[in-house]
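# Tertiary structure, described
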Amino acid sequence: MLALLLIGPGFLLSVPTFAASDTIALVVHGGAGTIRKSDMTPETEAEYRAKLKEGLIKGYLILKAGGSSLDAVEATVRIFEDSPLFNAGKGAVFSAQGRNELDASIMEGSTLMAGAVAGVTTIKNPVIAARAVMEQTRHVLLVGEGAEVFAASVGLEIVEPSYFFTQKRWDSLQRVQELEKSARRQNSSDRLIDAGYVLGTVGALALDKEGNLAAATSTGGLTNKRFGRVGDSPIIGAGTYANETCAVSATGEGEYFIRFTVARDICARAEYLNTTVGEAAKEVIHRVLPRKEGGTGGVITLDSQGNVAMPFNTAGMYRGYVLSDGRPVVAIYGDQ
């Protein structure tokens, strides 16, 4: 039996699906945006592909051994949070105040339980904190200092804010702020400046041997973000969602993904319009989001049969999947 896999704008690939008792799947993304081969050195491209594969293999081995989808997405996202390549954890971008302010969420499809943290600056792995919120409190979202106090109280690893510093992200902040000053002198829009610097949010989806789906997303947000801004990644139904039949993780300009409740909308369309999750995702990303106004980005999706879709409306998206055969596939550009 074949399933339809959407790996980029207009690029379709048929991949095998498996009987329900045999099916496991893991899907990842590392952010969507202006990602072109002409701007990438061979060495940098190889680094991204290797790290995506590392995350896929980590999650796959958990699923192959009978582990839960929740364990798989958490472990996979931790790989990306610990890498300076992505805008999450160690590689997070800087806010206008020169801080790394991190957001993350996680959701279990079979129970609809979810947890999230936002605006944290000392939690080494925000995705672990998100899971702790889900499992050890009656809340869904904790923010800022309260989230950090909670994380420390349950024994999570706390680091100095300097742990998240990378020269590359700091230099990006300086460039953006210089452009901002220039644009303000010309009465240009501040929103347009921020929109031009959307970077690599990470996410993972998994289907385990019990047929349970899970989703997790982690980010550092926008370069030069201000006023305690929180994007879609920690918002259940916007940047992250999972139920019994559908899982979604998003990346892009979060304000639009919040306004259009992108993650939940995809699952709802699949359920109520009797369409596939992949077709629903394609519709939302390519037709519902107002791209001309800034609604750019992409999603990864996974259904309870192990079918994968990864549509995006930008030049590229770091992405990949591994199915029951254990062979990881990664892609970066619109044509892979």
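As the structure is a prediction and not an experimental result, all values here were calculated from the model.

Analysis parameters
- Residues numbered from 1 in each chain as written.
- Predicted model: local features only at pLDDT ≥ 70, side-chain atom pairs only at ≥ 80, totals over all residues.
- Heavy atoms only, no water.
- Helix = DSSP H or I, 4+ residues; strand = E, 2+ residues; numbered from the N terminus.
- Buried < 20%, exposed > 50% of the residue type's maximum accessible area, 1.4 Å probe, protein only.
- Contact = heavy atoms within 4.5 Å.
- Areas by Shrake-Rupley, 256 points an atom, 1.4 Å probe, with all protein chains shown as cover.
- Pairing = 2+ DSSP bridges.
- Core = buried A, V, L, I, M, F, W, Y, C linked by side-chain atoms within 4.5 Å.
- Patch = residues over 30% accessible without salt bridge, like charges linked within 9 Å, V, L, I, M, F, W, Y side chains within 5 Å.
- Salt bridge = Lys/Arg side-chain N within 4 Å of Asp/Glu carboxyl O.
- Polar contact = N/O pair within 3.5 Å; in protein donor to acceptor, adjacent residues only side chain to side chain.
- Axes fitted to C-alpha atoms, helices over the stretch in contact; angles between N-to-C directions.
- Parallel < 35°, antiparallel > 145°, perpendicular 65-115°, else oblique.
- Nonpolar A, V, L, I, M, F, W, Y, C, P; charged D, E, K, R; others polar.
- pLDDT = per-residue confidence, 0-100.
- Disulfide = S-S within 2.5 Å.

Turning our attention to the overall build of the protein chain. A count of helical and extended segments in the protein chain gives nine helices and 14 strands. In the protein chain, which comprises 336 residues, the proportion classed as buried is 57%. Long-range pairs, those at least 24 residues apart, make up 68% of the contacts in the protein chain with a sequence separation of at least 6. Surface exposure of the protein chain reaches about 13,700 Å², of which carbon and sulfur atoms provide 52%.

Quick look at the pairing of strand 5 (residues 113–120) now. Counting buried residues along strand 5, six of its eight residues qualify, which places the element largely inside the surrounding structure. The sheet contact formed by strand 4 (residues 102–108) and strand 5 spans six bridges and is antiparallel. Note on strand 5: the bridge partner recorded for I106 is G115. Where strand 4 folds back on strand 5, the antiparallel hairpin that results is connected by four residues, among which L112 adopts a positive phi of roughly 60°. Bridge count for strand 5 against strand 6 (residues 141–143) is three bridges, and the pairing is parallel.

Attention now goes to the nonpolar core. V27, I266, V299 and L302 are the most contacted members of the largest nonpolar core, which totals 37 residues. Apart from the residues lying within four places of it in its own chain, the contact partners of L302 are A25, V27, L205, A206, L207, L213, T245, C246, A247, N307 and V308. One finds I24, A88, A206 and V330 within the second-largest nonpolar core, a separate group that totals 33 residues.

A contiguous nonpolar patch, built from V140, L141 and V143 and spanning about 230 Å² of accessible area, is present on the exposed surface. Within the secondary structure, V140 sits in the loop between helix 3 (126–136) and strand 6. By relative accessible area, which is 41% here, V140 ends up partly exposed.

All right, on to helix 9 (residues 277–288) then. Of all the residues in helix 9, the buried ones are V277, A280, A281, V284, I285 and H286. Summarising the contacts, the buried residues of helix 9 are in contact with strand 10 (246–252), helix 7 (254–259), helix 8 (262–272) and strand 11 (297–303).

Attention now goes to the pattern of salt bridges. Two side chains carrying opposite charge are able to pair once their charged atoms lie near each other. Applying the stated criterion across every chain yields a total of 14 salt bridges. Where D71 meets R131, a salt bridge forms, and the shortest distance between an N and an O atom there is 2.7 Å. With D71 in helix 2 (residues 69–81) and R131 in helix 3, this pair connects stretches of sequence that are 60 residues apart. For D71, a relative accessible area of 32% gives the class partly exposed. Under the relative-accessibility criterion, R131 is labelled buried at 13%. Residue D265 pairs with R269 through a salt bridge whose shortest N-O separation is 3.0 Å. In this pair, D265 and R269 both sit in helix 8, four residues apart, roughly one turn of the helix.

For the rest of this paragraph, the subject is the side chain of N100. Here N100 is to be found in the loop between helix 2 and strand 4. The class of N100 is buried, set by a relative accessible area of 7%. Among the polar contacts listed, one links the side chain of N100 to the backbone oxygen of V93, at a separation of 3.2 Å. If sequence neighbours within four positions are ignored, N100 has contacts with A92, V93, F94, V120, T121, P161, F164 and F165.

All right, on to the packing of helix 2 against helix 3 then. Any two packed helices are characterised by the angle at which their axes cross and by the distance between the axes. Two elements in contact, helix 2 and helix 3, have axes separated by 8 Å at closest approach and are oriented at 150°. By the angle class used here, helix 2 and helix 3 are roughly antiparallel. Judged by residue contacts, L70, D71, E74, V77, R78 and E81 of helix 2 engage P126, V127, I128, R131, M134 and E135 from helix 3. Of the residues belonging to the contact of helix 2 with helix 3, the class tally is six nonpolar, no polar and six charged.

The next thing to look at is the sheet that holds strand 13 (residues 316–322). The eight strands are arranged 6-5-4-8-7-3-13-14 in an open sheet whose pairing can be described as mixed. What marks the edges here is a single partner per strand, and that holds for strand 6 and strand 14 (329–333). Recorded for the sheet is a direction-independent mean angle of 10° between the axes of neighbouring strands. Bridge analysis of strand 7 (residues 202–207) against strand 8 (residues 213–219) gives six bridges, and the strand direction is antiparallel.

Moving on, we come to the confidence of the model for the protein chain. When pLDDT is averaged along the protein chain, the result is 90; 89% of the residues meet or exceed 70. In the model, residues 9–20 has pLDDT below 50 throughout and makes 34 contacts with residues more than four positions away in sequence or in other chains. When the criterion is pLDDT under 50, residues 191–198 qualifies, and its contacts beyond four places in sequence or with other chains add up to 20 contacts.

The subject of this paragraph is the state of the cysteines. Under the definition given, this model contains one disulfide. Disulfide pairing places C246 opposite C267 at an S-S distance of 2.1 Å. Between C246 and C267, the S-S dihedral sits near -75°, and the bridge is therefore left-handed. Of this pair, C246 sits in strand 10 while C267 sits in helix 8; the two residues are 21 residues apart in sequence, bridging distant segments of the chain.

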